Amino acid sequence: QVHVVESGGGLVQVGGSLRLSCAASGIIFSVTPMGWYRQAPGKNNELIASITGNGTTVYADSVKGRFTISRDNVKNLVYLQMNSLKPDDTAVYYCAARHRAAERYDFWGQGTQVTVSA
């Protein structure tokens, strides 16, 4: 059974930084593509960053240059380093995993709230 658990959310001021962590189990982590999504109130769920097993990353334009996704294949962890945070970054952030050949993410964490105060 696959488990995905996020941690590290919280309240931060504009311009501040936060690092989210995601622990995944029940999968062969080193080959599993991972992604970070976020959902703000009244908005659709948005894929903001993804990383393949070998470290190839893709970012949404909304976070490019400010957020960094990384992974530790020994500890089975994925990170999202968020810098220069803006009020528009306020959302629930979800970590997700998918099978390597799949197009959609099938395994999700419970989400962690990030609130950026002006």
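Residues numbered from 1 in each chain as written. Predicted model: local features only at pLDDT ≥ 70, side-chain atom pairs only at ≥ 80, totals over all residues. Heavy atoms only, no water.

Examining the pairing of strand β7 (residues 67–72)
Note the cut-off: Three exposure classes are used, based on accessible area relative to the maximum for each residue type with a 1.4 Å probe and protein chains only: buried under 20%, partly exposed in between, and exposed over 50%. Helix and strand labels come from DSSP, where a helix needs a run of H or I of at least four residues and a strand needs a run of E of at least two; each type is numbered from the N terminus. Strand pairing is defined by DSSP finding a minimum of two bridges between the two strands.
Because side chains alternate across β7, one face comprises the buried residues F67, I69 and R71, and the other comprises T68, S70 and D72, none of which is buried. Strand direction decides the pairing type here: β7 and strand β8 (residues 77–82), joined by 6 bridges, are antiparallel. Counterpart to R71 in the pairing with β8 is V78.

Details of the packing of aromatic side chains
As a reminder, the rule being used: Each aromatic pair joins two rings of Phe, Tyr and Trp (for Trp, the six-membered one) with centres within 6.5 Å, and gets the label stacked for planes under 30 degrees apart, edge-to-face for over 60, and tilted for any other angle.
Per the stated rule, a full pass over the model turns up 3 aromatic pairs. For the pair Y37 and Y105, a centre-to-centre distance of 5.6 Å together with 80 degrees between the ring planes defines the contact as edge-to-face. Of this pair, Y37 sits in strand β4 (residues 34–39) while Y105 sits in the loop between β9 (91–97) and β10 (107–108), placing them 68 residues apart in sequence. When sorted by exposure, Y37 lands in the same class as Y105, which is buried. A ring pair is formed by Y37 and W108, whose centres lie 4.6 Å apart and whose planes are at 50 degrees; its orientation type is tilted. With a gap of 71 residues between them, Y37 in strand β4 and W108 in strand β10 connect regions that are remote in the sequence. Judged by its relative accessible area of 13%, Y37 falls in the buried class. Through a chain of ring-to-ring contacts, three or more aromatic side chains come together here, namely Y37, Y94, Y105 and W108.

Some thoughts on unusual backbone geometry
A positive phi angle, near 60 degrees, is found at N76, a position not held by glycine. Its location among the elements puts N76 in the loop between β7 and β8. A residue is classified by how much of its surface remains accessible, and N76, at 23% relative accessible area, is partly exposed. Non-glycine residue S84 carries a positive phi angle of around 50 degrees. Position of S84 relative to the elements: it lies in the loop between β8 and β9. Using a relative accessible area of 41% as the deciding quantity, one classes S84 as partly exposed.

As for the environment of L18
Formally: Here a residue-residue contact requires only that any non-hydrogen atoms of the pair lie within 4.5 Å.
Structurally, L18 is set in strand β3 (residues 18–25). Along the sequence, L18 and Q81 sit 63 residues apart, while their C-alpha atoms lie 6.2 Å from each other. Not counting residues up to four positions away in its chain, the partners in contact with L18 are G8, G9, G10, V12, L80, Q81, M82, L85 and V114.

Regarding the pattern of salt bridges
Applicable threshold: Counted as salt bridges are all cases of a side-chain nitrogen of Lys or Arg within 4 Å of a carboxyl oxygen of Asp or Glu.
Going through the model one piece at a time under the given rule, you end up with 5 salt bridges. Among the charged side chains, a salt-bridge network with shared partners connects R38, E46, R66 and D89.

Honestly, that's just the spatial picture; any functional story needs more than this.
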